[in-house]
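So you can see what is in the structure, the chains are spelled out below.
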Amino acid sequence: MAADLSQIVKAYDVRGVVPDQWDETLAELFGAAFARVTGARAIVTGHDMRPSSPGLSAAFARGAAAHGVDVTEIGLCSTDQLYYASGALDLPGAMFTASHNPARYNGIKLCRAGAAPVGQDTGLAQIRELVERWADSGAPEPAAATPGTVTRRDTLDDYAAHLRSLVDLTSIRSLKVVVDAGNGMGGHTVPSVLAGLPLTVVPMYFELDGTFPNHEANPLDPANLVDLRKRVREEDADLGLAFDGDADRCFVVDERGEPVSPSAITALVASRELARNGGKGTIIHNLITSWSVPEVVRENGGTPERTRVGHSFIKAEMARTGAIFGGEHSAHYYFRDFWNADTGMLAALHVLAALGGQQGTLSALVAQYDRYVGSGEINSTVDDQTARLAAIRAAYEGREGITLDDLDGLTVTAADWWFNVRPSNTEPLLRLNAEARDEATLTTIRDKALHLIRS
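Here the structure is a predicted model, which is why all the values come from computation and not from measurement.

1. Comments concerning helix α9 (residues 292-299)
Taken as a whole, α9 has its buried residues at Ser292, Val293, Pro294, Val296 and Val297. One or two positions beyond α9, positive phi appears at Gly301, with a value near 90°.

Listed below in structure tokens is the structure:
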């Protein structure tokens, strides 16, 4: 039977249920294919705390080594720690994680040397083609006459030192911070990154456990912030931080236990990165971030650049424009000084530095960056994505004072509001994000858009 990887090779990574959809046999073929497509003489690998991760990572290393590639295994790590290793060692990398997905899932995030992304158009389609062909034939061919070596290397301390070299926290006032690692890799990286700083850290769920016994490691879902919000209030803490399973995304909760919009964090970090760069530089933001972001960027001397949703688009624009920072409303934050890769930990350090550098509360600090009212993302199941988008276009096209654009889905913009509707690439869904200057306007425009989507 022919191998079909269409269910697990996604736009930007490999992701599927283990062992139902993929296993160590396929992981070994992925390692061989990665070696072939990159043409690298050496690569670096790492993995998260899921029960299947060590075996999959080791199999991938075997496959790459069989093709003459030397493999540096950094073992347990966050995804941004793997990006650090790829950048610092200038090697292609493979991170074994399914991020925030449930325990039975696993996956591979791949990058070229310098943490440059690998997606469908940058090697992933070729890798899939090779793996399918080799799976059908029974073995990859030809292997190298001299296999590569597999060695271990610990990069945690170097990763922590690099992050702390980019944000000065030595002179901040003492802060109390609750950190919810969700039994994910934040429990591995946070103690090293925050060690020795003027912080009282209250840890939650730092035990590495890929079965996620307390809650899913997906802070984008409000249900998974309930414990953190409660603990921040109980501890009378200055703020709370929540990381997803592979700890590349960070969500922030203020001293009242209220979630802080990732758009506000993007604007805050953008202002700080612009200050570090003499008030000059390009800042990337995707089209569903708040109007606050480009406004703050311009006020601080920078140039905002709007892009599609998705890390491959952000990273491509970072490279094309030489941008110093990029942010997404999903709480992915990208830094030029981190090889254009995303690291929630570095964004968290910026928040700690900004809060600790003044005497006010976090809610007061971020108020200047949180100027509008947003709906959050609302998903609707539809039978015909194209027809629904056409209906929305027909309802607004040609109306005075309203503009439409098709950068990613359909964005409709007026003087006091905007909304974007994007189709999912993998499910029969339309995703709505809306923003307005006040709650009443938001409610009106959100409900009208949902009526058009769901009619």
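2. A closer look at the environment of His162
Note that His162 resides in helix α5 (residues 156-166). The buried category is assigned to His162, whose relative accessible area is 18%. The spacing of His162 and Tyr84 is 78 residues in sequence and 8.5 Å in space, taken between C-alpha atoms. Residues in contact with His162, not counting those within four places in the same chain, are Tyr84, Asp337, Phe338 and Trp339.

3. Observations concerning the packing of helix α3 (residues 79-89) against α5
Running from N to C, α3 and α5 point in directions that differ by 90°, and their axes come no closer than 10 Å. By the angle between their axes, α3 is roughly perpendicular relative to α5. Each of Asp80, Gln81 and Tyr84 in α3 lies in contact with α5, whose residues at this interface are Leu156, Asp158, Tyr159 and His162. Considered class by class, the residues forming the contact of α3 with α5 number 3 nonpolar, 2 polar and 2 charged.

4. Quick look at the state of the cysteines
The term disulfide refers to a covalent linkage connecting the sulfur atoms of a pair of cysteines. For the structure on display, the rule yields 0 disulfides. The thiol sulfur of Cys111 is not disulfide-bonded, and the nearest other cysteine sulfur, from Cys77, lies at 11 Å. Accessibility expressed as a relative area gives 1% for Cys111, which makes it buried. Summary of cysteine pairing: Cys250 is not part of a disulfide, and the nearest cysteine sulfur, belonging to Cys77, is at 18 Å. Judged by its relative accessible area of 2%, Cys250 falls in the buried class.

5. Details of the sheet that holds strand β10 (residues 239-243)
Pairing in this open sheet of 5 strands is mixed, and the strands run β9-β8-β10-β11-β12 from one edge to the other. In the strand order of this sheet, the two ends are held by β9 (199-204) and β12 (259-260), each with one partner. With 4 bridges connecting them, strand β8 (residues 175-180) and β10 associate as parallel partners. Bridged to Val178 within β10 is Gly240.

6. Some details on the pattern of salt bridges
Pairing between side chains of opposite charge can happen when their charged atoms approach one another. With the rule as written, the count across this model stands at 29 salt bridges. A salt bridge links Asp447 to Arg446; the shortest N-O distance between them is 3.0 Å. For Asp447, a relative accessible area of 38% gives the class partly exposed. The exposure class of Arg446 is partly exposed, given its relative accessible area of 23%. Members of the salt-bridge network, linked through shared partners, are Glu273, Arg276, Arg336 and Asp337.

7. Considerations on the packing of aromatic side chains
Summed over all chains, the structure comprises 12 aromatic pairs. Taking 5.4 Å as the distance between ring centres and 65° as the angle between the ring planes, the aromatic pair formed by Tyr396 and Phe419 counts as edge-to-face. Pair noted here: Tyr396 is in helix α13 (residues 385-396) and Phe419 is in strand β21 (residues 417-423), with a separation of 23 residues, a long-range link. The two residues Tyr396 and Phe419 agree in class, both being buried. Aromatic ring contacts, followed pair by pair, group Tyr84, Tyr159, Phe338 and Trp339 into a single cluster.

8. Comments concerning the sheet that holds strand β15 (residues 325-327)
If you trace the 4 strands from one edge of the open sheet to the other, you get β14-β13-β15-β16, paired in mixed fashion. This sheet does not close on itself; its edge strands, each paired only once, are β14 (303-307) and β16 (333-335). Neighbour-to-neighbour, the strand axes of the sheet open up by a mean angle of 20°, direction not taken into account. Two strands pair when backbone bridges link them, and β15 and β16 are joined in this way by 3 bridges, in the antiparallel orientation. Considered in β16, the bridge of Gly326 is made with Tyr334. Set on the sheet, α9 makes contact with β13 (282-286) and β14; between it and β14 the angle comes to about 155°.

9. So, the pairing of β8
Burial analysis of β8 places 5 of its 6 residues in the buried class, which makes it a mostly covered element. Two elements, β8 and β9, share 6 bridges in a ladder whose sense is parallel. Looking at the pairing, Asp180 lines up with Met204 of β9. Crossover connection from β8 via helix α6 (residues 186-194) to parallel β9: handedness right-handed.

Reading the values: rules and limits
- Residues numbered from 1 in each chain as written.
- Predicted model: local features only at pLDDT ≥ 70, side-chain atom pairs only at ≥ 80, totals over all residues.
- Heavy atoms only, no water.
- Buried < 20%, exposed > 50% of the residue type's maximum accessible area, 1.4 Å probe, protein only.
- Helix = DSSP H or I, 4+ residues; strand = E, 2+ residues; numbered from the N terminus.
- Contact = heavy atoms within 4.5 Å.
- Axes fitted to C-alpha atoms, helices over the stretch in contact; angles between N-to-C directions.
- Parallel < 35°, antiparallel > 145°, perpendicular 65-115°, else oblique.
- Nonpolar A, V, L, I, M, F, W, Y, C, P; charged D, E, K, R; others polar.
- Disulfide = S-S within 2.5 Å.
- Pairing = 2+ DSSP bridges.
- Salt bridge = Lys/Arg side-chain N within 4 Å of Asp/Glu carboxyl O.
- Phe/Tyr/Trp six-rings, centres within 6.5 Å; stacked < 30°, edge-to-face > 60°.
- Right-handed = clockwise from strand over helix to strand, strands pointing away.

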